[in-house]
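Chain by chain, the residues run as shown.
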Amino acid sequence: MLTEERHAIIIEKVRQDKSVKLPELCEMLGASESTVRRDLSTLDERGLIKKVHGGAISVDERSWNLVEKNVEEKSKLFNEEKTAIARYAASLIDDGDFVYIDAGTTTEKMIDFLPEKNITFVTNGFTHAQKLAQRGFKTFIPAGEIKGTTEAIIGAECVSSLQSYNFTKSFIGANGISLSNGITTPDRNEACCKRTAVQNSLTAYILADHSKFNQTASATFAQFGRVKIITDKLTDKEYMSKANIKEVM
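Remember, it's a predicted structure, so these values are computed and weren't measured experimentally. (Residues numbered from 1 in each chain as written. Predicted model: local features only at pLDDT ≥ 70, side-chain atom pairs only at ≥ 80, totals over all residues. Heavy atoms only, no water.)

Caption draft 1: Summary view of the overall build of the protein. The number of helices and strands found in the protein is 9 helices and 17 strands. Taking 2.2 N^0.38 as the reference for a compact globule, 249 residues should give roughly 18 Å; the C-alpha atoms of the protein span a radius of gyration of 19 Å, in line with that estimate. The buried share among the 249 residues of the protein stands at 53%. Sequence separation of 24 or more characterises 60% of the internal contacts of the protein that already satisfy a separation of 6 or more. Carbon and sulfur atoms provide 48% of the accessible area of the protein, an area that totals close to 11500 Å². (Helix = DSSP H or I, 4+ residues; strand = E, 2+ residues; numbered from the N terminus. Rg over C-alpha atoms; globule rule 2.2 N^0.38 Å. Buried < 20%, exposed > 50% of the residue type's maximum accessible area, 1.4 Å probe, protein only. Contact = heavy atoms within 4.5 Å. Areas by Shrake-Rupley, 256 points an atom, 1.4 Å probe, with all protein chains shown as cover.)

Below is the structure:
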């Protein structure tokens, strides 16, 4: 494969996925690591991508993520990574905790790994609530409107319900994480619910796989100083100096 062909493939891959790992590129291009590293360095020097440890990311740190996928679409993405994040997150819950679990595909996976302890849950995910109750946990759901795409309870009534609680821990999903805009989601109403849960939690965890980094959705609901982030594996290590981040893969 010609150098120009490899470069075109790399640029397109980064444009589509926002980030790509070195082994993935080597397999895709049928090239050695040293060759792909040189390609990445060349493209980085030209300003076409940003080379990071173990791969590359989009040159635009503020890539906008305004279109939200539905639950079915999200459930097909990064399953291995989400499972690792969920397993670790569940291990953080202690006996006697009063926990908020946000709607979302990663937070839903947590339920399978929850310890058999005396834990009370509040969740705005109505499928989450059913699974938690089936496992025998005391479970509460807030009032509000059901959003079809994310299967989340949202709105002013939901915010009002959440304001009456004081959580020991909360586990919240995100659509975007960026150095300039913090933790974001596309829906303003959903952002209000997430923001309230963060504010009313002793410790708030953001569950986000690597694809959410260097992405910005329209509504910011938390800043780095207020939350701890659990992810699979960072491609952009600059975040490590800016936020409290745990990598689980």
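Caption draft 2: Region of interest: a nonpolar patch on the surface. On the surface, M1, I9 and M28 cluster together to form a nonpolar patch covering roughly 260 Å² of accessible area. Turning to its location among the elements, M28 is positioned in helix 2 (residues 22-29). (Patch = residues over 30% accessible without salt bridge, like charges linked within 9 Å, V, L, I, M, F, W, Y side chains within 5 Å. Salt bridge = Lys/Arg side-chain N within 4 Å of Asp/Glu carboxyl O.)

Caption draft 3: Region of interest: the sheet that holds strand 10 (residues 167-173). Overall, parallel pairing links the 7 strands, which are arranged 7-6-5-10-13-16-17 in an open sheet. Sheet topology places strand 7 (138-140) and strand 17 (244-247) at the edges, where each strand pairs with a single neighbour. Within this sheet the neighbouring strands show an average axis-to-axis angle of 20°, counted without direction. Against the sheet, helix 5 (residues 79-91) makes contact with strand 10, strand 13 (201-207), strand 16 (228-231) and strand 17, and its axis sits at roughly 135° relative to strand 16, the strand it touches most. (Pairing = 2+ DSSP bridges. Axes fitted to C-alpha atoms, helices over the stretch in contact; angles between N-to-C directions.)

Caption draft 4: Representation of the environment of A217. With respect to the secondary-structure elements, A217 resides in the loop between strand 14 (215-216) and strand 15 (219-222). Residue class for A217 comes out buried when judged on its relative accessible area of 3%. Here the alpha-carbon distance between A217 and E81, two residues 136 residues apart in the chain, equals 21 Å.

Caption draft 5: Region of the structure containing the side chain of T35. On the secondary structure map, T35 appears in helix 3 (residues 33-45). There is a polar contact of 3.0 Å between the side chain of T35 and the side chain of S32. (Polar contact = N/O pair within 3.5 Å; in protein donor to acceptor, adjacent residues only side chain to side chain.)

Caption draft 6: Geometry of the packing of helix 1 (residues 3-17) against helix 2. The contact between helix 1 and helix 2 brings their axes to 11 Å, and the two run at 135°. What the angle tells us is that helix 1 and helix 2 run oblique. In terms of crossing hand, the pair formed by helix 1 and helix 2 is right-handed. When helix 1 is examined against helix 2, the residues R6, I9, I10 and K13 are found in contact with a partner set consisting of E24, L25, M28 and L29. Across the contact of helix 1 with helix 2, the residue classes break down as 5 nonpolar, no polar and 3 charged. (Parallel < 35°, antiparallel > 145°, perpendicular 65-115°, else oblique. Left-handed = near helix turned anticlockwise from the far one by under 90°. Nonpolar A, V, L, I, M, F, W, Y, C, P; charged D, E, K, R; others polar.)

Caption draft 7: Quick look at helix 1. Relative to the 21 Å expected for 15 residues at 1.5 Å per residue, helix 1 spans 21 Å between its end C-alpha atoms, a close match to the ideal helical length. Taken together, the buried positions of helix 1 are occupied by R6, H7, I10, K13 and V14. Buried residues of helix 1, seen end-on, are gathered within an arc of 130° and therefore sit on one face of the element. Structurally, helix 1 contributes buried residues whose contacts are with strand 1 (19-21), helix 2, helix 3 and strand 3 (55-57). A positive backbone phi angle near 70° is found at K18, which sits one or two residues after helix 1. (Expected span 1.5 Å × (residues − 1). Arc of directions from axis to C-beta.)

Caption draft 8: Representation of the sheet that holds strand 11 (residues 176-178) within the structure. Across the sheet, 3 strands lie side by side as 11-12-15; this open sheet has antiparallel pairing. Taken across any chain shown, the strands that pair with only one partner, and hence form the sheet edges, are strand 11 and strand 15. The mean angle between the axes of side-by-side strands here comes to 40°, regardless of whether they run parallel or antiparallel. Against the sheet, helix 9 (residues 188-199) touches strand 12 (182-185) and strand 15, its axis set at about 10° to strand 15.

Caption draft 9: Spotlight on the pairing of strand 10. Here strand 10 lies mainly inside the structure; 6 of its 7 residues are buried. Sheet topology places strand 5 (residues 98-101) next to strand 10; 3 bridges connect them, and they run parallel. Its bridge partner being in strand 10, I101 is matched across the sheet by F171.

Caption draft 10: Examining the packing of helix 2 against helix 3 more closely. At a closest axis distance of 9 Å, the pairing of helix 2 and helix 3 adopts a crossing angle of 105°. It follows from the interaxial angle that helix 2 and helix 3 lie roughly perpendicular. In this structure, helix 2 contributes L22, L25, C26 and L29 to the contact, and helix 3 contributes E33, V36, R37 and L40. Among the residues forming the contact of helix 2 with helix 3, the class breakdown is 6 nonpolar, no polar and 2 charged.

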